[in-house]
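Per-entry structural report
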Amino acid sequence: MDSYPEFIGLGFTARSHGYWAVERAKMAENRVLGTLSRAGPGISYFVLSTCSRLEAILGGPRDSLDGVFDAVRKTLKDHVSSEPSVYKGYGLVDHVLRVFSGMESPALFEIDVASQAKASLRDSLSRGSVNKALYVFIREAIDLSIDLRRSLGLDGSIGIPELSVMAVREALGDLDGLRISIVGTGEVGRRVASYLKRLGLNSISIIGRSRTSAESLAKLLGLSSAYSLEELGSVIGASDLLFLATSSREPIVGRHHIDGWEGVIVDLGMPRNMDPSLIPDLQGSYMWLEDLEILSTKILADLYSLLPKAEELLRIYSGRLQSIFTIERIREALRDYARLYEEIRRREIDRAIEKLGLGERDREILDLVTSSIMNKALGALGSIVERGVW
């Protein structure tokens, strides 16, 4: 039974460790992926990296999974100086469903995390890092999380980009007349700009790595101006409100950018786009993801009122996922058993042929009969197991 397949999850989340721990963990993301890529055959893995978490789910035989788990845990612990959370068995099932449904997101019940999980699953498939059992488990968890949201009557979603604008309005009041700049031309920056435009705000500048990319987005959304990242200092100086929304692993805003500036910064980077050493000097004019989550309890009060019902539904959907989880683990074990059985079957046929002095025609008959018996026995066993689980 040492080869019986297991799933185990570990990592850091803002809910359990704080955003600072997630930030440090994400700085070690490439090292984690490198460790996993060297895990060897039989190990399957899925990594989810968002603004509020870096987590990995590992799958494989018990006798080889422990070593990989320990290596990943050590990589994370060394970088964050804290132990990652660990999820096993049905605790993992419950946790994954909570995450994918948005119940632990800073923008409560956001659909974005399910979309991010889908993208991560596609990436895992393309690099061949998920086996069938883990793929089915993650895919079913995503689908069930979407069903859970629908059961709550949640078809749309407010994500981090929209929440950031809502939080600024909550903190500052009317944004009319403010000169607003957005650094980043990716999805987050685009959605921040789109939401600001829907509010009727027009003095919006976009800053990209190149002026060309910024101009393309400005033209698409009808923004007032576009700049390259090289012009960041002058753009900040002419702004009252600055959104930072890049995927940079290093800070892009330093002291020379903000000396003497009295505007407000909303940092949506993970890791932060602002040099963390400057934040104490900003005296309340800086907002990060953890500030957005605090404000969200007021801004999204109607969504928070759905949490008790969501907890009730979670028990139902978690039970369904637990059944899928159990079946896939058993199926993987049966596949391992089938491979072992096949090795034994062929060895015994060879022994019988040699001992009895049989010919090739006899080998074909023995092979056909024993193979048929094996397939029927394994099929019947699989059906019995599935009926028992469901």
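Refer to the preceding data block for the structure.
Fair warning: this is a prediction, and the values are worked out from it, not measured in the lab.

**Things to note about the pattern of salt bridges**
Any two side chains of opposite charge can pair if their charged atoms end up close together. Following the criterion strictly, the structure yields 27 salt bridges and no others. A salt bridge links E187 to R191; the nearest nitrogen and oxygen atoms lie 3.1 Å apart. Within this pair, E187 and its partner R191 are both found in helix α9 (residues 187-198), separated by 4 residues, close to a single helical turn. Of the residues examined, E187 reaches a relative accessible area of 49% and is grouped as partly exposed. A salt bridge links D281 to R255; the shortest N-O distance between them is 3.3 Å. With D281 in the loop between β9 (264-267) and β10 (286-287) and R255 in helix α12 (residues 255-258), the pair connects residues that are 26 residues apart, well separated along the chain. Residue D281 is classed as partly exposed on the basis of its relative accessible area of 48%.

**A short note on the environment of L366**
Topologically, L366 is positioned in helix α16 (residues 360-389). Along the sequence, L366 and R345 sit 21 residues apart, while their C-alpha atoms lie 9.8 Å from each other.

**Points about the packing of aromatic side chains**
Tallied over the full model, the rule gives 3 aromatic pairs. Ring geometry for F46 and F100: centres 6.5 Å apart, planes at 80°, overall edge-to-face. Linking F46 in strand β2 (residues 44-50) with F100 in helix α5 (residues 89-100), this pair joins segments that are 54 residues apart in sequence. Note on F46: relative accessible area 2%, which makes it buried. One Lys or Arg, R320, reaches over the ring of Y317 and ends 4.8 Å from the middle of that ring.

**Comments concerning the packing of α5 against helix α7 (residues 132-151)**
Relative orientation of the contacting elements α5 and α7 amounts to 50°, with a least axis distance of 8 Å. Taken together, the axes of α5 and α7 are oblique relative to one another. Once α5 is placed against α7, the crossing between them reads as right-handed. Judged by residue contacts, L92, V93, V96, L97 and F100 of α5 engage F137, I138, A141, I142, L144 and S145 from α7. Taken together, the residues that form the contact of α5 with α7 break down as 10 nonpolar, 1 polar and no charged.

Conventions adopted
Residues numbered from 1 in each chain as written. Predicted model: local features only at pLDDT ≥ 70, side-chain atom pairs only at ≥ 80, totals over all residues. Heavy atoms only, no water. Salt bridge = Lys/Arg side-chain N within 4 Å of Asp/Glu carboxyl O. Helix = DSSP H or I, 4+ residues; strand = E, 2+ residues; numbered from the N terminus. Buried < 20%, exposed > 50% of the residue type's maximum accessible area, 1.4 Å probe, protein only. Phe/Tyr/Trp six-rings, centres within 6.5 Å; stacked < 30°, edge-to-face > 60°. Lys NZ or Arg CZ within 6 Å of the ring centre and 35° of its normal. Axes fitted to C-alpha atoms, helices over the stretch in contact; angles between N-to-C directions. Parallel < 35°, antiparallel > 145°, perpendicular 65-115°, else oblique. Left-handed = near helix turned anticlockwise from the far one by under 90°. Contact = heavy atoms within 4.5 Å. Nonpolar A, V, L, I, M, F, W, Y, C, P; charged D, E, K, R; others polar.

Note that every value here comes from positions in space, so none of it alone points to a role or purpose.
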